[in-house]
Amino acid sequence: MSTPVKTSATGPASAGPAGLEANRISHPLRPGRWLAAGVTALVLAWLAWTIAINPNLHWDIVVKYQFDRVILEGLWVTVQLTVASMAIGVVLGVVVALMQVSDSRILRSGAMAYVWFFRGTPLLVQLIFWFNIALIFPEIGLGVPFGGPKLMTWETNTLVTGFVAALLGLSINEGAYMSEIVRAGLRAVDPGQQEAAAALGMSRAKIMTRVVLPQAMRIIVPPTGNQFISMLKTTSLVSVIAGADLLTVAQRLYLTNFEVIALLIVASLWYLVLTTVASIGQYYLERRFSRGFGATAPGNLRGRIARNLRFTGSAR
């Protein structure tokens, strides 16, 4: 009769020097890692303590202006710019991506030229250009093209305000990036499925909306979420054209009270809040579209937030 082996919660009990040696091999000591972790914790604690007690940061001013009406108005403008620019950018991206995969050489050339120009020039330059568009076109009107009569006209300076210029610059630039994201998603769908749908008599439009796009969303959603989070931070560039965003109003305030660092901290804290909320939304949206595709499911929520808090493309 065989003697039963005593087991623990983790498996058979180890006995003698051989068992201790096996434990050492499976769980080796890493003094370097512990030392690095200790040094990192010490540095972080010292940094937090230094920031907390530094009198030059003026935390009382930070608390005073964190929920100030002017700051909240700028925050609302930032949210509006982000949502509107991304919505227009996504629509432009889908249209341009469909042009890129079209059989028409003219449509493909036009789409390629659009992507080439708006991805190849800095976003800051584009924003300044749109803000000064009146220098080229003093009036904007509707009428017969090629020198024909105009039915309606508006003064460009009245029509293209700082907010409108920011919206034009951000959305048109974003459309160029989104077109490449959408095109990559469309290319990722197996062409055999399109052929099968065509064999069933489905029109090209139905194939695109009912077969291709639903599957491409699994590829499109993650980078689109990253672009949205990047757009939250990119809106700070419109401060150069007085776009009334969060950074713009913070600058206006510190030009009057000279509390530069404190008001920059106020703006940074709100950017961190917006980025964190958007990261949580992105995580659950990706998980929704990744159902049935275990290999492409998003990582944990904490890691997603940490990655999106990094600077991911504001300087385009």
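Here the structure is a predicted model, which means the values were calculated and not measured. (Residues numbered from 1 in each chain as written. Predicted model: local features only at pLDDT ≥ 70, side-chain atom pairs only at ≥ 80, totals over all residues. Heavy atoms only, no water.)

Q: A description of the overall build of the protein should follow, citing residues and the corresponding values.
A: The helix and strand tally for the protein stands at 13 helices and four strands. Sequence-distant contacts in the protein: of pairs separated by 6 or more residues, those separated by 24 or more amount to 70%. On the protein, roughly 19,600 Å² of surface is accessible, and the fraction owed to carbon and sulfur atoms is 68%. (Helix = DSSP H or I, 4+ residues; strand = E, 2+ residues; numbered from the N terminus. Contact = heavy atoms within 4.5 Å. Areas by Shrake-Rupley, 256 points an atom, 1.4 Å probe, with all protein chains shown as cover.)

Q: With reference to specific residues and values, describe the packing of helix 10 (residues 204-234) against helix 12 (residues 260-289).
A: Where helix 10 meets helix 12, the axes come as close as 10 Å, and the angle between the chain directions of the two elements is 175°. Between helix 10 and helix 12, the angle falls in the class roughly antiparallel. Counting all contacts with helix 10, which are made through Met 217, Arg 218, Val 221, Pro 222, Gly 225, Asn 226, Phe 228, Ile 229, Leu 232 and Lys 233, the residues of helix 12 involved are Tyr 271, Leu 274, Thr 275, Ala 278, Ser 279, Gln 282, Leu 285, Glu 286 and Phe 289. Within the contact of helix 10 with helix 12, the residues separate by chemical class into 11 nonpolar, five polar and three charged. (Axes fitted to C-alpha atoms, helices over the stretch in contact; angles between N-to-C directions. Parallel < 35°, antiparallel > 145°, perpendicular 65-115°, else oblique. Nonpolar A, V, L, I, M, F, W, Y, C, P; charged D, E, K, R; others polar.)

Q: An account of a nonpolar patch on the surface is requested, with residue identities and associated values reported.
A: Judged by side-chain polarity, Phe 129, Leu 135, Ile 136, Phe 137, Ile 140, Leu 142, Leu 151, Met 152, Trp 154 and Leu 159 come together as a nonpolar surface patch covering roughly 1,000 Å² of accessible area. Looking at the nonpolar patch, the elements that each hand over two or more residues are strand 3 (139-143) and strand 4 (150-155). With three residues, strand 4 is the largest single contributor of residues to the nonpolar patch. (Patch = residues over 30% accessible without salt bridge, like charges linked within 9 Å, V, L, I, M, F, W, Y side chains within 5 Å. Salt bridge = Lys/Arg side-chain N within 4 Å of Asp/Glu carboxyl O.)

Q: Which residues make up the pairing of strand 4, and what values do they have?
A: Consecutive side chains along a regular strand alternate between the two faces of the sheet. Here strand 4 lies mainly on the outside; zero of its six residues are buried. Taken together, strand 3 and the strand that follows it, strand 4, pair antiparallel across an intervening segment of six residues, in which Phe 146 is found at a positive phi of about 60°. (Buried < 20%, exposed > 50% of the residue type's maximum accessible area, 1.4 Å probe, protein only. Pairing = 2+ DSSP bridges.)

Q: Outline the nonpolar core, listing residues and values.
A: Leu 81, Tyr 114, Leu 170, Leu 186 and Val 238 are the most contacted members of the largest nonpolar core, which totals 36 residues. Those elements that place two or more of their residues in this core are helix 4 (69-100), helix 5 (105-120), helix 6 (123-131), helix 8 (162-188) and helix 10. Looking at this core element by element, the count peaks at 10 residues for helix 8. Sequence-distant contacts of Val 238, defined by excluding residues within four places in its chain, comprise Leu 81, Leu 127, Ala 166, Leu 170, Gly 243, Asp 245 and Thr 248. Listed in part, the 23 residues of the second largest apolar core include Val 62, Ile 229, Val 249 and Leu 253. (Core = buried A, V, L, I, M, F, W, Y, C linked by side-chain atoms within 4.5 Å.)

Q: Talk me through the confidence of the model for the protein; I want residue IDs and the actual numbers.
A: Here the protein averages 84 in pLDDT, while 82% of its residues score no lower than 70. Across residues 5-15 the pLDDT falls below 50, and counting only partners more than four positions away or on other chains, this stretch makes eight contacts in the model. Note that pLDDT drops below 50 for residues 311-315; the model gives that stretch 10 contacts with residues more than four away or on any other chain. (pLDDT = per-residue confidence, 0-100.)

Q: Explain the side chain of Ser 179 to me, using residue names and the numbers behind them.
A: Considering the arrangement of structural elements, one finds Ser 179 in helix 8. Once you skip the residues sitting within four places of it in the chain, Ser 179 turns out to touch Gly 93, Val 96, Ala 97, Gln 100 and Val 115.

Q: With reference to specific residues and values, describe unusual backbone geometry.
A: Apart from glycine, the bulk of residues carry a negative phi angle, and the bulk of peptide bonds sit in the trans form. Within the chain, Ala 242 stands out as a residue other than glycine whose phi angle is a positive 55°. In this fold, Ala 242 is placed in the loop between helix 10 and helix 11 (246-257). With a phi close to 65°, Phe 258 is a non-glycine residue in the positive phi region. Tracing the backbone shows Phe 258 in the loop between helix 11 and helix 12.

Q: Help me get a handle on the packing of aromatic side chains, residues and values and all.
A: In this structure the tally under the stated criterion is five aromatic pairs. With a centroid separation of 5.5 Å and an interplanar angle of 90°, the aromatic rings of Phe 67 and Trp 270 are classed as edge-to-face. A residue pair is termed long-range when its members are at least 10 positions apart, and Phe 67 in the loop between helix 3 (59-66) and helix 4 and Trp 270 in helix 12 qualify at 203 residues. The exposure class of Trp 270 is buried, given its relative accessible area of 12%. Relative to Trp 130, the ring of Phe 129 has its centre 5.8 Å away and its plane inclined at 75°; by these criteria the two rings are edge-to-face. Looking at Phe 129, the relative accessible area reads 41%, which means it is partly exposed. An aromatic cluster of three or more residues is present, and its members are Tyr 114, Phe 117 and Phe 118. (Phe/Tyr/Trp six-rings, centres within 6.5 Å; stacked < 30°, edge-to-face > 60°.)

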